[in-house]
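Single-letter residue listing:
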Amino acid sequence: MAAGPMKMRATQGDGFTEVRVLMTHPMLTEQQTRGKGEPHFIQNVTVKVNDKVVIEGQISQAVSRNPVFSFRLKGGAKGDKIEVSWLDNKGETNQTDATVA
């Protein structure tokens, strides 16, 4: 099952940038696929600001289908480019970007 498009919003706050991203992915656990194949879940998430990596994280099967992540980045300015990408356990990737509003 292929992942769908991602949606992201980035807005400037008072001294920070608020980011909210929807990652469309089935996030199938080992229990859900028992006898029907292998688990399928996002493993690595990377966040870049103006092409500089600011967050690298690992997640697992414990995250629900189509996860939504919200976080704040210190600083930032209107017009900055935020990029979020992921890699799953089957080698599939997806990415999206947004400009800080």
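Definitions and cut-offs
Residues numbered from 1 in each chain as written. Predicted model: local features only at pLDDT ≥ 70, side-chain atom pairs only at ≥ 80, totals over all residues. Heavy atoms only, no water. Phe/Tyr/Trp six-rings, centres within 6.5 Å; stacked < 30°, edge-to-face > 60°. Lys NZ or Arg CZ within 6 Å of the ring centre and 35° of its normal. Buried < 20%, exposed > 50% of the residue type's maximum accessible area, 1.4 Å probe, protein only. Helix = DSSP H or I, 4+ residues; strand = E, 2+ residues; numbered from the N terminus. Pairing = 2+ DSSP bridges. Axes fitted to C-alpha atoms, helices over the stretch in contact; angles between N-to-C directions.

### Remarks on the packing of aromatic side chains
Per the stated rule, a full pass over the model turns up zero aromatic pairs. Cation over ring: Arg72 sits above Phe16, and NZ or CZ is 4.0 Å from the ring centre.

### Points about the pairing of strand β7 (residues 93-99)
Residues Asn94, Thr96 and Ala98 line the buried face of β7, whereas the alternating positions Thr93, Gln95, Asp97 and Thr99 sit on a face that is not buried. Examined bridge by bridge, strand β6 (residues 81-88) and β7 share seven bridges and lie antiparallel to one another. Each bridged residue has a counterpart across the sheet, and for Ser85 the counterpart in β7 is Gln95. Taking the residues between adjacent antiparallel strands as the criterion, β6 and β7 are bridged by four residues, where Gly91 takes a positive phi near 85°.

### Remarks on the sheet that holds strand β4 (residues 52-58)
Taking strand neighbours across the sheet as the criterion, the four strands line up as β4-β3-β6-β7 in an open arrangement whose pairing is antiparallel. At either margin of the open sheet sits one strand with a lone partner, and together these are β4 and β7. Taking each pair of neighbouring strands and ignoring which way they run, the sheet shows an average axis angle of 15°.

### Side note on the sheet that holds strand β1 (residues 7-12)
Strands belonging to one sheet form pairs held by backbone hydrogen bonds; the direction of such a pair is parallel or antiparallel. The strand order across the open sheet built from three strands is β1-β2-β5, with neighbouring strands paired in antiparallel fashion. Either end of the sheet is taken by a strand with one partner, and the two such strands are β1 and β5 (68-74). Averaged over neighbouring strand pairs, the angle between their axes works out to 15° when direction is ignored. Pairing analysis gives seven bridges linking strand β2 (residues 16-22) to β5, with the strands arranged antiparallel. By the bridge assignment for β5, Val19 is matched with Phe71.

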